[in-house]
Amino acid sequence: MKLFLGALVIAAIISLFSGLVFLIKDAGEGDRLIKALWYRLGFSIAVLVLIVVLVSTGHLTLNAQP
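For the structure given in this document, a descriptive report is provided here. (Residues numbered from 1 in each chain as written. Predicted model: local features only at pLDDT ≥ 70, side-chain atom pairs only at ≥ 80, totals over all residues. Heavy atoms only, no water.)

A short note on the packing of helix 1 (residues 2–26) against helix 2 (residues 32–57)
How two helices sit against one another is set out by the angle between their axes and by the gap between those axes.
Phase 1 of the analysis: Where helix 1 meets helix 2, the axes come as close as 8 Å, and the angle between the chain directions of the two elements is 160 degrees. In terms of orientation, helix 1 lies roughly antiparallel with respect to helix 2. Crossing handedness for the pair helix 1 and helix 2: left-handed. (Axes fitted to C-alpha atoms, helices over the stretch in contact; angles between N-to-C directions. Helix = DSSP H or I, 4+ residues; strand = E, 2+ residues; numbered from the N terminus. Parallel < 35°, antiparallel > 145°, perpendicular 65-115°, else oblique. Left-handed = near helix turned anticlockwise from the far one by under 90°.)

Concerning the pattern of salt bridges
Phase 1 of the analysis: Applying the stated criterion across every chain yields a total of one salt bridge.
Phase 2 of the analysis: When the shortest N-O distance is used, the salt bridge between lysine 35 and aspartate 31 registers 3.8 Å.
Phase 3 of the analysis: Exposure remark for aspartate 31: the relative accessible area of 44% places this residue in the partly exposed category. (Salt bridge = Lys/Arg side-chain N within 4 Å of Asp/Glu carboxyl O. Buried < 20%, exposed > 50% of the residue type's maximum accessible area, 1.4 Å probe, protein only.)

Considerations on helix 1
Phase 1 of the analysis: A rise of 1.5 Å per residue sets the reference length of helix 1, with its 25 residues, at 36 Å; its end C-alpha atoms lie 36 Å apart and thus fit the reference within 8%.
Phase 2 of the analysis: If you check which residues of helix 1 are buried, you get Leu5, Leu8, Ala12, Ser15 and Gly19.
Phase 3 of the analysis: Downstream of helix 1 by one or two residues, alanine 27 has phi in the positive range, about 55 degrees. (Expected span 1.5 Å × (residues − 1).)

Quick look at the structure:
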């Protein structure tokens, strides 16, 4: 599960940088930027939901001591 969670975070970061590339390349024209940002939003929501589910089921424990 931690591997899947890491893959979602990496996918969100890739989507963020692809949005930056589309912003520079398309100069704000077209819908590729909007699609990339929607993908990033979806990945980020999936990460948050997955963290909540994993913590509530006990598969992921929070470290109280740093």
